[in-house]
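The residues making up each chain are set out below.
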There are 2 protein chains.
Amino acid sequence: MKTASKSKSKKSAAQSKAAKFVYFFGNAKAEGNAKMKELLGGKGANLAEMTSIGIPVPAGFTITTETCDLFYRNGKKWPQGLEEQIRANMAKLEKAMGAKFGDRDNPLLVSVRSGAAASMPGMMDTVLNLGLSPEVVQGLIIKTENERFAWDAYRRFMQMFGDVVMEVDHDAFEHELEDVKRKRGVENDTDLTAADLKEVVTRYQAVIRKHTGEDFPTDAYEQLRKSINAVFNSWNNPRALRYRQLNEIFGLLGTAVNIQAMVFGNMGDTSGTGVCFTRNPSTGENKFYGEFLVNAQGEDVVAGIRTPMPLDQMSKTWPAIYKQLVAVRTKLENHYRDMQDIEFTIQEGKLYILQTRNGKRTAAAAVRIAVELVKEKRVSQDEALMRVDPRVLDQLLHPTFNPKQARTKIVKGLPASPGAATGRVVFNAEDAEAWTAKGEKVILVRIETSPEDIGGMFAAKGILMARGGMTSHAAVVARGMGKCCVAGAGEVVINYARKEFRVGSTVVKEGDWVSLDGSLGEVYQGKLETVDPELSGEFAKLMKWADGARKLKVRTNADTPADSKVARKFGAEGIGLCRTEHMFFEGDRIIAVREMILSDDLAGREKALAKLLPMQRGDFEGIFEAMNGLPVTIRFLDPPLHEFLPHEDENQKEMAAVLGVSLEKVRQKVEALHEFNPMLGHRGCRLAISYPEIAKMQARAVMEAACNVKKKGVKVFPEIMIPLVGMKKEFEILKQDIIEVVEQVFREKGQKIPYMVGTMIEIPRAAIIADKIAEGAEFFSFGTNDLTQMTLGFSRDDAGSFLGAYVEKGIFEKDPFQSLDQEGVGYLVQLGVQNGRKTRPDLKVGICGEHGGDPASVEFCHRVGMNYVSCSPFRVPIARLAAAQASVREKKAKKK
Amino acid sequence: MKTASKSKSKKSAAQSKAAKFVYFFGNAKAEGNAKMKELLGGKGANLAEMTSIGIPVPAGFTITTETCDLFYRNGKKWPQGLEEQIRANMAKLEKAMGAKFGDRDNPLLVSVRSGAAASMPGMMDTVLNLGLSPEVVQGLIIKTENERFAWDAYRRFMQMFGDVVMEVDHDAFEHELEDVKRKRGVENDTDLTAADLKEVVTRYQAVIRKHTGEDFPTDAYEQLRKSINAVFNSWNNPRALRYRQLNEIFGLLGTAVNIQAMVFGNMGDTSGTGVCFTRNPSTGENKFYGEFLVNAQGEDVVAGIRTPMPLDQMSKTWPAIYKQLVAVRTKLENHYRDMQDIEFTIQEGKLYILQTRNGKRTAAAAVRIAVELVKEKRVSQDEALMRVDPRVLDQLLHPTFNPKQARTKIVKGLPASPGAATGRVVFNAEDAEAWTAKGEKVILVRIETSPEDIGGMFAAKGILMARGGMTSHAAVVARGMGKCCVAGAGEVVINYARKEFRVGSTVVKEGDWVSLDGSLGEVYQGKLETVDPELSGEFAKLMKWADGARKLKVRTNADTPADSKVARKFGAEGIGLCRTEHMFFEGDRIIAVREMILSDDLAGREKALAKLLPMQRGDFEGIFEAMNGLPVTIRFLDPPLHEFLPHEDENQKEMAAVLGVSLEKVRQKVEALHEFNPMLGHRGCRLAISYPEIAKMQARAVMEAACNVKKKGVKVFPEIMIPLVGMKKEFEILKQDIIEVVEQVFREKGQKIPYMVGTMIEIPRAAIIADKIAEGAEFFSFGTNDLTQMTLGFSRDDAGSFLGAYVEKGIFEKDPFQSLDQEGVGYLVQLGVQNGRKTRPDLKVGICGEHGGDPASVEFCHRVGMNYVSCSPFRVPIARLAAAQASVREKKAKKK
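Computed from a predicted structure; not experimentally measured.

Calculation notes
Residues numbered from 1 in each chain as written. Chains lettered and ligands numbered in written order. Predicted model: local features only at pLDDT ≥ 70, side-chain atom pairs only at ≥ 80, totals over all residues. Heavy atoms only, no water. Pairing = 2+ DSSP bridges. Helix = DSSP H or I, 4+ residues; strand = E, 2+ residues; numbered from the N terminus. Axes fitted to C-alpha atoms, helices over the stretch in contact; angles between N-to-C directions. Least-squares fit on C-alpha atoms with pLDDT ≥ 70 in both. Contact = heavy atoms within 4.5 Å. Phe/Tyr/Trp six-rings, centres within 6.5 Å; stacked < 30°, edge-to-face > 60°. Buried < 20%, exposed > 50% of the residue type's maximum accessible area, 1.4 Å probe, protein only. Salt bridge = Lys/Arg side-chain N within 4 Å of Asp/Glu carboxyl O. Left-handed = near helix turned anticlockwise from the far one by under 90°. Nonpolar A, V, L, I, M, F, W, Y, C, P; charged D, E, K, R; others polar. Patch = residues over 30% accessible without salt bridge, like charges linked within 9 Å, V, L, I, M, F, W, Y side chains within 5 Å. Areas by Shrake-Rupley, 256 points an atom, 1.4 Å probe, with all protein chains shown as cover. Lys, Arg positive; Asp, Glu negative; His and termini not counted. Charge placed at Lys NZ, Arg CZ, Asp CG, Glu CD. Buried area = accessible area lost by both parts, 1.4 Å probe. Polar contact = N/O pair within 3.5 Å; in protein donor to acceptor, adjacent residues only side chain to side chain.

## Side note on the sheet that holds strand 21 (residues 493–495) of chain A
All names here are of chain A. With respect to topology, three strands assemble into an open sheet ordered 21-22-23, the strand pairing being antiparallel. In the strand order of this sheet, the two ends are held by strand 21 and strand 23 (506–509), each with one partner. Across the sheet, the mean angle separating the axes of adjacent strands is 20° when strand polarity is ignored. As paired strands, strand 22 (residues 500–503) and strand 23 are joined by four bridges and run antiparallel to one another. Counted as the bridge partner of V503 is T506 from strand 23.

Rendered as structure tokens:
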């Protein structure tokens, strides 16, 4: 199955130039350079680059990522010629270092490290000190005049090789080491003598034999071959696979393998090792930052056995070396024009740089560094825009927990809506409202939420749901409110009757404090301190640049004046989706809605709708005022009517009492409206076709509100959006109904307001016949949530049961409800845009699904020529930056 | 909304040649001809044609259908110039007839009749004897020397005009007529004297004044104008609209209006009127057939007041006229080359032909006439194939009720599966099986059926369901079995506890006899006699010609050896869809299936699957044997697993007991598998991705069965079909799994069998990426049921609540689940075929949705280049004929 055409072409390309598997670097010259990341991996490319620009890098060579790909294609065998090239490069390396690999008199030791094109820190395998054997150790002792170091190097090598290559459990070695330490009565590894370490080596040999039935290999080339294979294999180990999925790293060939002469930070008090950042990775401050350890190897820093010293200290301990390191910092940052994360080792007073890469950083640091690099004239504004991953901006907009606090995790669910919240547990929406009214902070805990819970969701500080996915209704609503939400926490077993929930043996009762991290999807016991976000001046500057660069407008999905104001603060340029049904649940309105649904005839429905009219009109007035001067797209009633009816016995009785009808009648209605697949049922414009009076009431409410606020001097641009259109005639019938009402309102009010009537394109058929729909529709908004569900045949509420397995098996690279499936759904979106503009070249086109806030999807929208994207308020900055990046990328591509 | 571009172009075309609204015929010359049906309507075109070929037709003229269209576009006003043209043609008519319209001395009377391009018998309006007034009656008396006739003509005219044009209730006139008859003490209209009829006229005048406040118009042109408008208006009266929907008549401009000189069959004993068919419309026998009435007008025949005489009788009564009529019969049939339905009137010994048209006929007659016309060398085989509507063949394949029986209808539902059945009512599947086992005939009555009911459905003679549509699961299964089924009978209120159902005040209890007509969707009280179908030699001949003409292969959807045999008898050339899940419900298998579903681990599932393996293998052996020499496409497990679990308390308890698990566990599983939108849930290949062991068991069962029957000399061509593929990788993973099992079976059995692995294209995304899927898939079968649901965003189980309104409002011309939505779904089908063949030019492509048996859809499949269609066994002959017609039509189009 691996013989897909794309791969085939890659394969033959790889084989045709198969001559070169290995790239050498050393003596200030290198065969590779920083641009060859795809082929040499990030580490290898940077080692080559650093070598070329005169940074002191130990010599070595890199086996390409293509070689790794061929290894997998060949059934995990080396391609023809690799062995020879490795031996030739090893000879060059021996010459450069003046030592010999596997030689007992003058041994060359090497490290074998992974390094893919994208950074995957710690995910793949590494072997150090390779080339040692009992005999070679003797040579090393003579060469270094340091017996303890030599035996320590060998036992470290055995331990790593034994673990990584021979798959002997790490603990088996630690056990022996600890035993020797106990016998000697010492605490630290460093207190062991050469003799002790020699005993450790002997014990390790026994461990290896016992666990594998084999002896530890003594041949240097056998060690090298096996280590290279281990690194190749580690490309697809479970944690590497998982890391790539989580970080959306796809399309790479494999890992490169870097074989490099060893340098040692553990050769005494003039040796050491450390890591530094050219700027502060937490804050972005332009200050040299890092830490180091004297007499230690790199893994000692990582293992955290000894506490490293801050870099400042080095200026006192080793001023000359510190000065060299500062020079390297300047040189590398100037060269790479970005903050660098540098690994270094000092061997007996000589500085070596082992790695440099663009440093990982917090969102705040990313923004500050990007903006300051522009100020320092190191990068252009366009480049600065590309330096910040739009997805991380979320971190800057929501509260977070004070990171210094200890926390006890109860459970992990899905990070459904970002932010941090702490409060007391309640189990229903009414309690959430009541407790909040009394001044309590609450967390609403539900198995799942229904639209009826909206008041409680709004009142709560955060929401925890046992069911539901990232794009469930509750998650969408929570994100719209900027409310922290953890969903799909399947281990949470809720007992409403006893007002408690359990996770395993942990029981949380009503009134207990819990804390939610909606960005991580985690739930903690007790009360945690939250830190409110503060938007920096650099953030504002970066956003201003983004607005200057982008072509796409960014609107928001907002249903209330409050949401609208938040979104406007975040830079929204209008409302792309105002869902009118959410207004139907508030307060007493639901009673009128239910009265309408229960009516047997038009007159009854019109009577109930007349009660709703002033309320809807009031909502629209508030929203129009909040969006003064900006367009507002109002979607008419969309959900199936049964969503407005109560399904529990208790509530049905209450409804019957309130409306003065029999319980039987309520039950019959609920039964009659039951649907097997409500997603594909009687909803959207199908409701308005069956009950035109609903659309007419809504048209009247919109236009009366528009006329009223206009009198107050508000500039208003209503865009009426008909949902779920699939047939041209559906749209035509409803547009006609709407126009008649609007004209009537204009006559009554004695004024006119410019407005448009358009449609959502959310059914595959609508995209297909978009040219016909555009005959009447004045704008399109792609509802990519539903379009994804129908194009893929997935219900987002049900896909949870298999979508995980799908992403895991690589069938989907990303959750298609979070990032637009460009190949499938994207085809229909593009078709819809093209077809629509065929009929109406100036057709205004936008997107209002969840995808409007996903950077990759925003770029897609830019590419297909949409006018705007619309997303939840807190995603507006993300969309603005993503839209700017799309423009910059396009500009770059055109230059090429 | 009427300004769509297509209509616009029609409009301007109509206006540019607007010069000619009226076409004259008379004196053996005509401006029109039979080919101008679109413009002159069927009646007008044939009147012109008959005039030209010398048939004695009363002279007249036809106002075109385009004029009707313009009338509607102009806000129901006549277009400029129409009035003048009508007056000019009336002048011609007066000249031809030697009389004058509205003249009191020598009056010309005319009829005004509708006539669209498609026959809509009785749906639109007619006015006869137009041109009379109290003064003109006097002239008519002098002219005809028949006072009684003249007054009778006037009162008939008043009654029709009053009803049709002035909208006075018919009964108001009847009431007066009856009153006069009672006063005179006579029984029949014909017993009234001239004086009596004069009194009737006076009373009618009063009726008109009372109901309309106006006098009956006396001006002939006013009468004419108003009658023409009434006919135009009747084009869109409710019954005409409904008729066009039911008969799928779309895209016509409107009705033509025929104004023709009156001839009278009621001028005494040498006058008369009648209707004849050139062949027997019930049997197709080539024998002159018809009936006539002496001294009567056409509506007397229709009204059924007097019993007409058979045509034979005329050869004795009026031998000369009979001879003329026989000559007309021969001339018209020779001319039109099809069986004609002819209306005639004899006025004082002179024969007039008022209409001819292709006669409506039963299915049996249609087949016989088509075949005999070829024998008589009147038409070619290709023409004969075009003469039979494939849809009517259904009538020939199923039992029908003896048409002579009286019947009492209880309720009308949807004609879900054709045929007639009579039996005693039972209310659950177990009873259906038990009663049948005891030798009873039963009708299974359910609110809705579930797959568990399959045994009972099979046992029953017919199925009545209160819910569900034409394409509900039960309907599909019933059609597959050729079992009569009435579905969606919403008025049926079933009480399972009391074992009875009610329709209004009618109560039917368990054991009562009822009869179902599945072709009409009707349910009758009591036991009715059924007539089994007998396939004629003509049918076989026509089918043979069809097989010679068609390019599309026709397969069947069959899940059992029995179904397979039936389908083969009907000419199926393989199985296009064998649904393996139906096999999972039979007998004890469901226990093993449930055991599998309840298993918590792979080992448990494999254990349960091992029990299913021999049963599935046995099924496949039976099917392969039945289809010896023909390909069999086997679809792997498709429905969501919850369909296999019981949902009622009782059954869950039983299941827990049988499997030896707790009731709680069963309930939890049912709960865990619950889905909001099962259509879009965990089903199809998604199951096999989650549980590869299911697909592997099925692959093993298929291939072991194939090897086993091959040993017996059966030729077997299995095609394994993976359902619900949307992603290329889904298919690749499963194909690999299947191939591994198949190769293993081949090794075990020591033989190989040619086989294919392909997929259903039923998700929009699959059609979009068909080029990629075809890299691995060796065949495509379009699952247009699901593809329609997803492309249109309609669940077929839920669409019932609005689809009716949609068809009514003209949003859909046809139910898209019955006839493929070619514009929307068809786009994706065509895209899928093209994309698939781009990768694999010889890709075998078929369709296996319900549409495979719909003639319009079959033609579409032919057009897009599919290799085959597959449909339920009883639809195979329909598909064969439809496929032949598609070929013939294509041949014709190419010739042009």
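That shown, we press on.
## Some points on the relation of the copies chain B and chain A
Here the two chain copies are tied together by a rotation about an axis and a shift along that axis. Note on the identical chains: chain B maps onto chain A by a rotation of 180° and an axial translation of 0.1 Å, with an RMSD of 0.2 Å. Here the transformation between the copies is reduced to the relation of a two-fold axis.

## Section: the environment of G162 of chain B
All names here are of chain B. With respect to the helices and strands, the residue G162 is situated in helix 6 (residues 147–164). Each C-alpha atom of the pair G162 and P390 lies 42 Å from the other, and the pair is 228 residues apart in sequence. The residues touching G162, leaving out its near neighbours within four places in the chain, are F157, E167, V168, F173, I208 and F216.

## Points about the packing of aromatic side chains
Residues and elements named next belong to chain A. According to the stated counting rule, one finds 54 aromatic pairs over all chains in the structure shown. Between the aromatic rings of F292 and W318, the centroid separation amounts to 5.7 Å while the plane-to-plane angle is 50°, which identifies the pairing as tilted. Highlighted residues: F292 in strand 10 (residues 289–294) and W318 in the loop between helix 12 (312–317) and helix 13 (319–336), separated in sequence by 26 residues. Across the pair, W318 and F292 agree in class, each one buried.

## A closer look at the pattern of salt bridges
Residues and elements named next belong to chain A. Under the criterion given, the structure shown has 146 salt bridges over all chains. For E178, the salt bridge identified is with K181, shortest N-O distance 3.2 Å. Residue E178 and its partner K181 are both found in helix 7 (residues 170–184); the two are separated by three residues, about one turn of the helix. The class for E178 is partly exposed, based on a relative accessible area of 38%. Residue K181 is classed as buried on the basis of its relative accessible area, which comes to 7%.

## Overview of the packing of helix 23 (residues 602–626) of chain A against helix 27 (residues 692–711) of chain A
All names here are of chain A. The geometry of helix 23 relative to helix 27 is characterised by a closest axis approach of 8 Å and an angle of 35° between their N-to-C directions. Once helix 23 is placed against helix 27, the crossing between them reads as right-handed. Across the interface between the two elements, L602, R605, E606, L609, L612, L613, Q616, R617, F620, E621, F624 and E625 of helix 23 pack against E693, I694, M697, Q698, R700, A701, V702, E704, A705, A706, N708 and V709 of helix 27. Of the residues that constitute the contact of helix 23 with helix 27, the class distribution is 13 nonpolar, three polar and eight charged.

## Overview of the sheet that holds strand 24 (residues 513–517) of chain A
All names here are of chain A. Strand order in the open sheet formed by eight strands is 15-25-24-17-18-19-20-16, and the pairing between neighbours is mixed. Bordering the open sheet on either side are strand 15 (409–412) and strand 16 (414–417), each of which pairs with just one other strand. Going from strand to strand, the sheet's axes swing by 30° on average, the running direction of each strand aside. Here strand 15 runs beside strand 25 (residues 522–525); their pairing, made up of three bridges, is antiparallel. If you follow V411 over to strand 25, its bridge partner there is V523.

## Some details on a negative patch on the surface
All names here are of chain A. Taken together, the side chains of E430, E433, E648, E650 and E654 define an acidic patch exposed on the protein surface. At the level of secondary structure, the elements contributing two or more residues to the negative patch comprise helix 17 (429–437) and helix 24 (649–659). For E430, the position within the fold is in helix 17.

## Comments concerning the interface of chain B and chain A
On the chain A side, the residues contacting the 55 residues of chain B number 55 residues. Between chain B and chain A the total buried area reaches about 5,000 Å² when both faces are included, carbon and sulfur atoms providing 57% of it. A salt bridge links R765 of chain A to D821 of chain B, with the nearest nitrogen and oxygen atoms 2.6 Å apart. Joining chain B to chain A, the criterion identifies 29 residue pairs in polar contact (both at pLDDT 80 or more). Looking at the side of chain B that touches chain A, the elements with two or more residues in it are helix 26 (685–690), helix 28 (728–749), helix 29 (764–768), helix 31 (784–792), helix 32 (800–808) and helix 33 (825–839) of chain B. Per element, the largest residue contribution to the side of chain B that touches chain A is six residues, and it comes from helix 28 of chain B. A per-class count over the side of chain B that touches chain A returns 25 nonpolar, 13 polar and 17 charged.

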